[in-house]
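Close look at the chain arrangement
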Amino acid sequence: MALLLLAVSVHAETRRTVIAADTLLDGKGHALRNTRIVIEGSKIVALDPKAAPVDYDLRNLTVLPGWIDSHVHITWSFGSDGKNAGMNATTQEAAYSSASNAWSTLMAGFTTIQSPGSPTDLPLRDAIANGALPGPRILTSVEPLMGREEQTGSPDEIRAFVRKQKSAGADLIKIFASGGMTRGTMTLSQEQLNAACDEARKQGLRTIVHAYRDAVRAAILAGCTEIEHGLGASDDDLKLMAEKGTYFDPQAGVVVENYLQNKDKFLAPPYYTEEGFAAMKDLLPAFHDLMKRAYKTPGLKIVFGSDAVAGAHGHNAEDFVSRVRYSGVDPMAAMVSANSLAAEALRMPDQIGSIAPGLQADIIALDGDPLKDITAVRRVVFVMKAGVVYKNSH
Ligand SMILES: [Zn+2]
């Protein structure tokens, strides 16, 4: 009896919150004027211009769904010596750094991220999901499938690896199908890629594939869900992606700019070399050109992914600025790529990515209008995730 009463009283106390907005981007490419968002508990229940009383007056700001970053290495941090500590560190310091990365990312307006991936993502994902830590909703691949040519294993061994990630709690499968940005060939054969993406599909998991050059086409043909990075993709590859409905997650530069800005912290031959950094700098125009060509490809579904590593957490939105500034991307398209389109790519369009009744109340506000001045994405002054306000500083 006591339990029943408790359940009833919790239900009766479901909080109702009203947000007033004069400019609202709905996440699907529409701008709404002078409306109010009604939230009950963690969800949006209505858009009603007459709803009252107003709890948060966000007029004079731009209100939009919390952003989704499809590619973040959330546990990747610098160590106490100031040097790159990677994403797999398991010290207590590393755990605090990961929690801090999550906080910075949430404060920057990102309410959901996909982390591809490290086993260290799991306790962070779960602590945030349980409400023990503030941070964005996290989807992780746990351990990625590292292409190492024949050594990667037979198709059957690859299928077993995919199932192992699923039982470890993976939300998706990350696959490395080629070497670095500047050179290297495919590190998985077509047959191996087919096995990985097919097994994931059978297990109900999405696949995202790190691919450059000829690995791009191979991943599309293998029926994988999404291609990451994609430098060296031809216009024909981009067309094929659009035809097959493969999502594409290219970057416009924040990942490279961050490496260059923090060069001293990353420099550690043979992985991070002076030559490598010099080559990276020369690559920026290629990143911008790929983004430009991708957006000109009819029907290509481009999602927003910053590829944030140590140093870049909380600066994810810089990639919006580069997209608009250097690749001529329409600002509304840039917003949608991190809202409804990204939610669709995550197979969560009925939960996140739009401001509409029934969806999670993930709502942010910018001081400024990103459609007129894209640098407004740097000024996130309000953050609500699942109905809870984490920032309100306007
Ligand atoms: Zn990455």
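Structure's up top.
All values derive from a computational prediction rather than experimental measurement.

Overview of the pattern of salt bridges
Taken as a whole and judged by the stated rule, the model has 19 salt bridges. Here aspartate 362 ties to arginine 137 by a salt bridge, and the two come within 2.6 Å at their closest N and O atoms. Taken together, the residues span a long stretch of sequence, with aspartate 362 in the loop between helix 13 (340–345) and strand 15 (363–366) and arginine 137 in strand 8 (residues 137–140) at a distance of 225 residues. Its relative accessible area of 4% is what places aspartate 362 among the buried residues.

Points about the nonpolar core
One finds Ile175, Leu193, Val209, Tyr259 and Phe266 to be the most contacted residues of the largest nonpolar core, which totals 52 residues. Those elements that provide at least two residues to this core are helix 4 (155–167), strand 10 (172–176), helix 5 (190–202), strand 11 (206–211), helix 6 (214–221), helix 7 (235–244), helix 8 (254–261) and helix 10 (274–296). Sort the elements by how many residues they give to this core and helix 10 lands first, with seven residues. Setting aside residues no more than four positions away along its own chain, valine 209 makes contact with Ile175, Ala177, Leu193, Cys197, Ala219, Cys224, Glu226, Ile227 and Glu228.

Overview of the sheet that holds strand 7 (residues 110–115)
Strands sit in the order 6-7-8 across an open sheet of three strands; the sheet is parallel. What marks the edges here is a single partner per strand, and that holds for strand 6 (67–69) and strand 8. Pairs of neighbouring strands in the sheet enclose a mean axial angle of 15°, with direction left out of account. In terms of strand pairing, strand 7 meets strand 8 through four bridges, oriented parallel. Its bridge partner lying in strand 8, isoleucine 113 is registered against isoleucine 138. Sheet strands touched by helix 3 (residues 121–129): strand 7 and strand 8. Its angle to strand 8, the strand with the most contacts, is close to 150°.

Criteria and thresholds
- Each chain has its residues counted from 1, running along the sequence as written.
- It should be noted that, the model being predicted, local features are given only for residues of pLDDT at least 70 and side-chain atom pairs only at 80 or more, the latter also being counted only at that level, while totals for whole chains, interfaces and linings use all residues.
- Side-chain measures here rest on the full set of heavy atoms in the structure, leaving out hydrogens and waters.
- Salt bridge, as applied in this entry: a Lys or Arg side-chain nitrogen positioned within 4 Å of an Asp or Glu carboxyl oxygen.
- Each helix is a run of H or I in the DSSP string that is no shorter than four residues. Each strand is a run of E no shorter than two, and both are numbered from the N terminus.
- Throughout, exposure labels follow a simple rule: accessible area from a 1.4 Å probe, protein chains only, divided by the maximum for the residue type, with under 20% read as buried, over 50% as exposed, and the rest as partly exposed.
- Only buried Ala, Val, Leu, Ile, Met, Phe, Trp, Tyr and Cys residues count toward a nonpolar core, and they belong to the same one when joined by side-chain atoms within 4.5 Å.
- For this analysis, residues touch if any pair of their heavy atoms sits within 4.5 Å.
- Pairing between strands requires that DSSP locate at least two bridges from one strand to the other.
- All axes here are fitted lines through C-alpha atoms, helices being fitted over the stretch that makes contact, and every angle between N-to-C directions spans 0 to 180 degrees.

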